[in-house]
Amino acid sequence: MEDLRQQIEKRRTFAIISHPDAGKTTLTEKFLLYGGAIQQAGTVKGKKNSKHATSDWMEIEKQRGISVTSSVLQFNYQGYCINILDTPGHQDFSEDTYRTLMAADCAVMVIDASKGVEDQTRKLFKVCAMRHIPIFTFINKMDREARDPYELMEEIEQELGIETCPVNWPIGSGKRFAGVYERDDKEVIRFIPVDGGKTEILKADDPKLKEYVEDELYDKLQEDIELLDMAGNEFSLEAVRAGKLSPVCFGSALTNFGIEPFLKHFLNMTTPPTPRTADGEVIDPYQENFSAFVFKIQANMNARHRDRMAFFRICSGKFEKGMEVYHYQGKKKIKLNQSKQLMADERSEVNEAYAGDVIGVFDPGIFSIGDTITTGKKHFAFEGIPTFAPEHFALIRNTDTMKRKQFVKGVEQIAQEGAIQIFTELGGGMEEIIVGVVGVLQFEVLAYRLKNEYNVDIVNTPLPYQFVRWIKNDSIDLKTLNLSSDTKKVQDLKGQYLLLFSNEWGVRWATDKNPDLVLAEFSQN
């Protein structure tokens, strides 16, 4: 039991969120470099012969230089075992990110120092706020021309509605970037832009500092130190852990500057895995009984392994390879034989794992997103993961009727991963389906994967619908509903009935003219 507690206390599980191109994947790579998990970091965009980023595994990601899926990466650093959930920065893949945030205990928000808070950051931040998880801010790309740091902090506070407290403070930016001042230690970490960036630590009152830093920047630093101590938000660990205050660090992931200080601050302020709620009860991570939930399903991650993995976040106890667990949704016991930990698509066998860890389990098609597995006499289900309403719709048809089986298998598989949502006409078959996605790039990924993984070509006809609502009352007779002429009745793969609307007016018409109708914007997995 003591060993179980020690192992769990070492765990830290966080997600990295940002707008595309803020440097999230580069930061992830540098973390792994410190943990000794990889030998050489690869940048996302680069020359043809440069190494591809470790967390980007799908061919389409390597071609485009963007992350479109969530990766799970683990490394050890100074006695801690750290799980990073790297999320897609691209806005069209926000739903995968929403689900990943459900598996994280806290989030690291990466912000481009020249751009500040961007669209995608706002969306993802809302999900973190819904869960009240701690948010740590890393303001990146200080080695390029940056906006005023006070301005950036104010923007985070106003746009995202969270207070900020700088843990360190930048000295200049771009070509004049001289380093950061560490407020706790009253030290300056000097940035020396040679050989990929070197550092030197000096006390803030060391006379040598004047030799290295331009007079104007030196004077500005003294002013800033005084101003921050007098007027800045007071640091409160309690407020950080409640998700009300975000500690802010400055640095440059590309030149490897400020990453290690950020990691140290982060580890000092975060907690081991937090308790989760199941059936109204709080599940203690340190209890001996094992429990976990599925937050992601991914098929065909590797052409060498035509398979499907279910990713579990362990919420309590210890996982052991070959253990027997109870699958709550399937109402039966199963053995977990094939389990993996992943570095993007590189796999390694896992023999044991603890609360806070993420494991990939071979899935013969029995798991869905949100499913719970447990050991012990008491069976329970963790709170469901919301399915977000798609915003773009298209009619998808298979071009070759002889390949109907592959088409159905492919679209159902990709839908089970949560990448797309499938709807059919009431009583209709799978010859023609309506596909809903959160972002239009997902249609491209669907066509790409059906072609490459299932050898199926499709025709995509865009549809005018913009809104979808799930019908919550089972007793209602769909035939009697008074709906606008452009509203479509459909059902999803689970047999739930939904309405597709072209505009908000149609939604209002449906609710006004059918007082008994109960509509929901998303369903729980």
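Note: the structure precedes this text.
The rules behind the values
Residues numbered from 1 in each chain as written. Predicted model: local features only at pLDDT ≥ 70, side-chain atom pairs only at ≥ 80, totals over all residues. Heavy atoms only, no water. Buried < 20%, exposed > 50% of the residue type's maximum accessible area, 1.4 Å probe, protein only. Helix = DSSP H or I, 4+ residues; strand = E, 2+ residues; numbered from the N terminus. Pairing = 2+ DSSP bridges. Salt bridge = Lys/Arg side-chain N within 4 Å of Asp/Glu carboxyl O. Phe/Tyr/Trp six-rings, centres within 6.5 Å; stacked < 30°, edge-to-face > 60°. Lys NZ or Arg CZ within 6 Å of the ring centre and 35° of its normal.

Undergrad: Now, about the pairing of strand β31 (residues 497-501): what can you tell me, with residues and values included?
TA: Within β31, four of the five residues are buried, leaving the element largely enclosed by the surrounding structure. The pairing of strand β29 (residues 467-471) with β31 spans four bridges and is antiparallel. Looking across to β31, one finds that R469 is bridged to L499. As paired elements, strand β30 (residues 488-492) and β31 share four bridges and run antiparallel to each other. Of the residues in β31, the one forming a bridge with K489 is L499. Where β30 folds back on β31, the antiparallel hairpin that results is connected by four residues, among which G495 adopts a positive phi of roughly 85°.

Undergrad: I'd like a description of the pattern of salt bridges, backed by residues and values.
TA: Close approach of charged atoms lets side chains of opposite charge pair. The tally for this structure, following the rule as stated, stands at 19 salt bridges. Across the salt bridge formed by K318 and E352, the nearest N and O atoms sit 3.4 Å from each other. Of this pair, K318 sits in strand β16 (residues 318-320) while E352 is found in strand β21 (residues 352-354), placing the two residues 34 residues apart along the sequence. E352 sits in the partly exposed class, given a relative accessible area of 43%. Residues joined in a network through salt bridges with shared partners are D105, R276 and R313.

Undergrad: An account of the packing of aromatic side chains is needed here, citing residue identities and associated values.
TA: Throughout the structure, instances matching the rule amount to 19 aromatic pairs. Consider the rings of F177 and F191, whose centres lie 5.2 Å apart with planes at 40°: the pair is tilted. Of this pair, F177 sits in the loop between β7 (168-171) and β8 (179-182) while F191 sits in strand β9 (residues 187-192), and the two are 14 residues apart along the sequence. Aromatic side chains F393 and Y465 sit 6.4 Å apart centroid to centroid with 85° between the ring planes, which places their arrangement in the edge-to-face category. Of this pair, F393 sits in strand β25 (residues 392-398) while Y465 sits in the loop between β28 (458-463) and β29, placing them 72 residues apart in sequence. Judged by its relative accessible area of 12%, Y465 falls in the buried class. Members of the aromatic cluster, connected to one another through ring pairs, are F14, F31, F136, F138, F262 and F266. The ring of Y212 is capped by R190, whose NZ or CZ atom sits 3.5 Å from the centre of that ring. It is K331 that lies over the ring of Y328; its NZ or CZ is 3.7 Å from the centre.

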